[in-house]
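Topology and contacts: notes
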Amino acid sequence: MRSEDLGEVQRTLWKAADELRANSSLTPADYRSPVLGLIFLAYAEHRFDAVRGDIEAEATPRNPATPDDYRARSVLFVPDAARLSTLVELPEGENLGKALDDAMNTMEGANPELTDVLPRGYQRLEKSTLTELLRLFAPLPRKLSGDAFGLIYEDFLSNFAMAEGRLGGEFFTPYSIVRLIVEIIEPFHGKVFDPACGSGGMFVQCAKFVERHNESASRELSIYGQEQKEGTVPLAKMNLALHGLSGDIRLGNTYYDDLHHSVGLADFVMANPPFNVNGVDKDKLAGDPRFPFGLPRTDNANYLWIQQFYAALNDDGRAGFVMANSAGDAGHSEKEIRRQLVESGAVDVMVAIGTNFFYTVTLPVTLWFLDKAKGGTKREDTVLFIDARHQYRQIDRAHRDFLPEQIELLANIVRLYRGEDVQTADGSDTAIKEHFPDGTYVDVPGLCKVATRAEIEAQGWSLNPGRYTGTAAVEDDGEDFTEKLGGLYEEFTTLSDEAEVLRAKVDAAVTGILSQ
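Presented here is an overview of the structure given in this document. (Residues numbered from 1 in each chain as written. Predicted model: local features only at pLDDT ≥ 70, side-chain atom pairs only at ≥ 80, totals over all residues. Heavy atoms only, no water.)

**Observations regarding the overall build of the chain**
Looking only at helices and strands, the chain has 19 helices and 11 strands in total. Across the 516 residues in the chain, those meeting the buried criterion constitute 50%. Summed over its atoms, the accessible surface of the chain is roughly 24,600 Å², and 49% of this surface lies on carbon and sulfur atoms. Averaged over its 52 positive side-chain charges, the chain has a centre that lies 4 Å from the centre of its 81 negative ones. (Helix = DSSP H or I, 4+ residues; strand = E, 2+ residues; numbered from the N terminus. Buried < 20%, exposed > 50% of the residue type's maximum accessible area, 1.4 Å probe, protein only. Areas by Shrake-Rupley, 256 points an atom, 1.4 Å probe, with all protein chains shown as cover. Lys, Arg positive; Asp, Glu negative; His and termini not counted. Charge placed at Lys NZ, Arg CZ, Asp CG, Glu CD.)

**Here's the deal with the sheet that holds strand 7 (residues 365–371)**
As summarised here, the arrangement of the 9 strands in space is 3-2-1-4-5-7-6-8-11, forming an open sheet in which the pairing is mixed. Either end of the sheet is taken by a strand with one partner, and the two such strands are strand 3 (248–251) and strand 11 (448–452). For this sheet the average axis-to-axis angle between neighbouring strands, irrespective of direction, equals 15°. The pairing of strand 6 (residues 347–353) with strand 7 spans 6 bridges and is classified as antiparallel. Within strand 7, the position partnered with Ile353 by the bridge is Val365. On the sheet, helix 9 (residues 175–185) packs against strand 4 (266–271), strand 5 (313–324), strand 6 and strand 7 and is oriented at approximately 155° with respect to strand 5. Packed on one face of the sheet, helix 12 (residues 233–242) meets strand 2 (221–227) and strand 3 and runs near 170° to strand 3. (Pairing = 2+ DSSP bridges. Axes fitted to C-alpha atoms, helices over the stretch in contact; angles between N-to-C directions. Contact = heavy atoms within 4.5 Å.)

**What to know about the side chain of Thr469**
Along the polypeptide, Thr469 turns up in helix 18 (residues 466–469). With residues up to four places along the chain from it excluded, the contact list for Thr469 reads Phe385, Ile386, Asp387, Val444, Pro445, Gly446, Leu447, Cys448 and Lys449.

**Re helix 12**
Residues that lie three or four places apart on an α-helix share one face, since the helix turns once every 3.6 residues. Burial runs high along helix 12: 9 of the 10 residues are buried. Of the positions making up helix 12, those classed as buried are Val233, Pro234, Leu235, Ala236, Met238, Asn239, Leu240, Ala241 and Leu242. Looking one or two residues past helix 12, Gly244 carries a phi angle of roughly 70°, positive in sign.

**Observations concerning the packing of helix 5 (residues 96–110) against helix 6 (residues 127–137)**
At a closest axis distance of 9 Å, the pairing of helix 5 and helix 6 adopts a crossing angle of 50°. Regarding the angle of helix 5 to helix 6, the classification is oblique. Here Leu96, Gly97 and Leu100 of helix 5 come into contact with helix 6, specifically with Leu130, Thr131 and Leu134. For the contact of helix 5 with helix 6, a count of residues per class yields 4 nonpolar, 2 polar and no charged. (Parallel < 35°, antiparallel > 145°, perpendicular 65-115°, else oblique. Nonpolar A, V, L, I, M, F, W, Y, C, P; charged D, E, K, R; others polar.)

**Some details on the pairing of strand 3**
Relative to strand 3, strand 2 is paired through 4 bridges, and the arrangement is parallel. Along strand 3, the bridge assignment pairs Tyr224 with Asp248. In the classification by handedness, the crossover that spans strand 2, the intervening helix 12 and the parallel strand 3 is right-handed. (Right-handed = clockwise from strand over helix to strand, strands pointing away.)

In structure tokens form, the structure reads like this:
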């Protein structure tokens, strides 16, 4: 299916599903799991039908096809009672909510790897809503390709996260941020760990990176995740399954429970942890090897997360994670931890991101990148700072993202810094030629700057990109500044006067209506 056709399908499905929710008593959070569960069933049925003919052709009366035959082909076994094509044809008087709950139980019974993953509670939805949802999703197994289901699932996760606002950000990191992290850490092969994995988007984008380089993600990547929210773990497991991936996703509080024995575990760490969390009982963390630079005295967990990401890397590992801007300049005990981190040589790249990229916060954030393998290289004593606050696409008044060519430009700056070849498939070639005409890295005022460890120490061990990149050079437009400022002030005064006149008219009109 062409991308533009798939985009139209995604928009149509979301619009229809959201209209059904709007006409019910459900909140987006109530509605999310049942809808995502139906997308999952549609995908499972599509994959099942694709191999069913071959498997049944090989079966005999003495050796009939079994669920194990499907598992051998990395396909879930879908009993008739769990097929959307069966459910949509149930008689009108049938209890549809119960039938869907039973379908989820049947799927888990036939596929033990799905135990406690699929959603329940369909009986809480109105029958009319369920009927329309089934009519919406039942045709998909015969209309879409396998990859399309994963994209639709991602699209619905994104839309639900946007609809849920702050709570949505707890399980979803915007695609363009994840894509940028992936392009910079380059997870070609190895163990990937996310100790705050949400709905698993980091893992999915790692897999897509591998596949863009013509390799098999299921062979090249081993996935390890941990998530504190019980209701979010199934979202991650379904997300992996929809993309043909498997992984070890565990439920646990990462501050206290190191369920994967993570020290030195990973080739790659990716995460978008909660920011500025207080109330962590640091007495329980004393002596924990995940905090090699010591525990911060302040009641803020940012530097607990940062140290966990560092400690989880093996000697050649890379990490990319989202962090509150304040962590780059935090003082006292946090500054001391930051000094040790910089002096370890692992801090590689810092990227400042502008406002409105996230559903949880409108504030700007910073992406941190660690690379334990850069010791002994030309980059050993340096950190690349990038100010990407002026790179964005405005989606709507409250949300921004990156265009593909902007992601590629930022990743190419890092590639040039590392001495790697640039990539221009997404259209960044013009910007690369503008900023780096010789095809080699140079500092660009307002965009990027390589700072030495001595320069960072002189800045109080700050890792705030704005301290180093400065501002872009602006050409003189030939206008006198004082004259231009005077003209703008005069225009502002005129508009203010007109606003006062308009307000007086509105006040008079409203007063007249209210006095009748």
